[in-house]
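What follows is the residue order along each chain.
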Amino acid sequence: MPWTSSARNLAATLLACALLTGLAGCGDDDGGPRQVGKVLETSDGEGRHYRQIPAEDAPEVGLTVQPDPGPEGGWDIRVRVEHFRFSPEGTPVRAVHGRGYVRLYLDGKRLARLHVVDYRLSGARVSRGTHKVTARLYADDHTVWAVEGEPVEATADLTASGADTATPSP
């Protein structure tokens, strides 16, 4: 059945509405924009201020790190979020409750900025031993989501063993 002019206009309007309201992101924003909290004087190691929000409204983050059994080694890192939606790259610089991006850290050093849930860490970037991988949630204005003065983050251990691991990159 061919599309009528009014059906095409309705479809175009619905698509435009979906794109403008942010349905292009991924994750669960638990109902949409809300109060954005209070910016605190406290900041992370890079000088980004914490944005305090109540615990009952706070996004949550989890992290799994699995060794890659392939010949090149490395690790597959997966970030799990609740009450949080990843913003696409290029999103305007403003805080919207439960939205933003994740920064990954390896032993406290910045590793990557993520707008998706998966990251592949090359074995060449990790020296032998046990390391800490941290995923921390940020708002699009680059403030750190925080609850009770602590960043919303998750940390997992990564253990590199074997002669083929390299020294960390600076």
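It should be noted that the structure appears before, not after, this text.
Residues numbered from 1 in each chain as written. Predicted model: local features only at pLDDT ≥ 70, side-chain atom pairs only at ≥ 80, totals over all residues. Heavy atoms only, no water.

A. Summary view of the overall build of the chain. A tally of regular secondary structure across the chain gives one helix and 13 strands. Along the chain direction, N to C, the helices and strands of the chain fall in the order α-β-β-β-β-β-β-β-β-β-β-β-β-β. Among the 170 residues that make up the chain, the fraction classed as buried is 38%. Taking all contacts inside the chain whose residues are at least 6 apart in sequence as the whole, residues at least 24 apart take part in 65%. In the form shown here, the chain has an accessible surface area of approximately 9,900 Å², with 54% of it arising from carbon and sulfur atoms. (Helix = DSSP H or I, 4+ residues; strand = E, 2+ residues; numbered from the N terminus. Buried < 20%, exposed > 50% of the residue type's maximum accessible area, 1.4 Å probe, protein only. Contact = heavy atoms within 4.5 Å. Areas by Shrake-Rupley, 256 points an atom, 1.4 Å probe, with all protein chains shown as cover.)

B. Highlighting the pattern of salt bridges. Here the structure, examined in full by the defined rule, presents eight salt bridges. Here Asp-44 and Arg-136 are joined by a salt bridge, their closest N and O atoms 4.0 Å apart. Placement of Asp-44 in the loop between β2 (38–43) and β3 (49–52) and of Arg-136 in strand β10 (residues 129–138) is noted, with a sequence separation of 92 residues between them. Owing to a relative accessible area of 13%, Arg-136 belongs among the buried residues under this scheme. A salt bridge links Arg-136 to Glu-153; its shortest N-O distance comes to 2.7 Å. (Salt bridge = Lys/Arg side-chain N within 4 Å of Asp/Glu carboxyl O.)

C. Representation of the pairing of strand β5 (residues 75–82) within the structure. Judged by which residues are buried, β5 turns out to be one-sided: Trp-75, Ile-77, Val-79 and Val-81 face inward and are buried, whereas Asp-76, Arg-78, Arg-80 and Glu-82, on the alternate face, are not. Two strands pair when backbone bridges link them, and strand β4 (residues 60–67) and β5 are joined in this way by eight bridges, in the antiparallel orientation. From the neighbouring strand, Val-65 faces β5, where its bridge partner is Ile-77. Bridge count for β5 against strand β9 (residues 118–121) is four bridges, and the pairing is antiparallel. Residue pairing across strands places Ile-77 opposite Tyr-119, the latter belonging to β9. (Pairing = 2+ DSSP bridges.)

D. The arrangement of the packing of aromatic side chains in detail. In total, this model carries two aromatic pairs according to the counting rule given. Aromatic pair Phe-84 and Phe-86: ring centres 5.6 Å apart, planes at 85°, arrangement edge-to-face. Here the two residues Phe-84 and Phe-86 agree in accessibility, since each one is buried. With 5.5 Å between their ring centres and 5° between their planes, Tyr-101 and Tyr-138 make a pair best called stacked. In this pair, Tyr-101 sits in strand β7 (residues 99–106) while Tyr-138 sits in strand β10, placing the two residues 37 residues apart along the sequence. By the burial criterion, Tyr-101 is buried, and Tyr-138 matches it. Over the face of the ring belonging to Tyr-101 we find Arg-113, whose NZ or CZ atom lies 3.9 Å from the ring centre. A cation over an aromatic ring shows up here: Arg-136 above the ring of Tyr-105, its NZ or CZ 4.9 Å from the ring centre. (Phe/Tyr/Trp six-rings, centres within 6.5 Å; stacked < 30°, edge-to-face > 60°. Lys NZ or Arg CZ within 6 Å of the ring centre and 35° of its normal.)

E. Up close: the environment of Asp-157. Tracing the chain through its elements places Asp-157 in strand β13 (residues 153–160). Sequence separation between Asp-157 and Asp-107 is 50 residues, and the spatial gap between their C-alpha atoms is 9.7 Å. Of note is the side chain of Asp-157, whose polar atom sits 2.7 Å from the side chain of Lys-132. (Polar contact = N/O pair within 3.5 Å; in protein donor to acceptor, adjacent residues only side chain to side chain.)

F. Main features of the pairing of β2. Pairing of β2 with β3, which is carried by three bridges, proceeds in the antiparallel orientation. Note on β3: the bridge partner recorded for Ser-43 is His-49. In this structure, the hairpin formed by β2 and β3 is closed by a connection of five residues, where Gly-47 is found at a positive phi of approximately 85°.

G. Seen up close, the nonpolar core. With 32 residues, the main nonpolar core has Leu-63, Val-79 and Leu-104 as its most contacted residues. Setting aside residues up to four positions removed in sequence, Leu-63 forms contacts with Ile-77, Arg-78, Val-79, Arg-80, Leu-104, Val-133, Thr-134, Ala-135, Ala-154, Thr-155 and Ala-156. Of all hydrophobic cores here, the second largest spans seven residues; its members include Tyr-101, Tyr-105, Val-144 and Ala-146. (Core = buried A, V, L, I, M, F, W, Y, C linked by side-chain atoms within 4.5 Å.)

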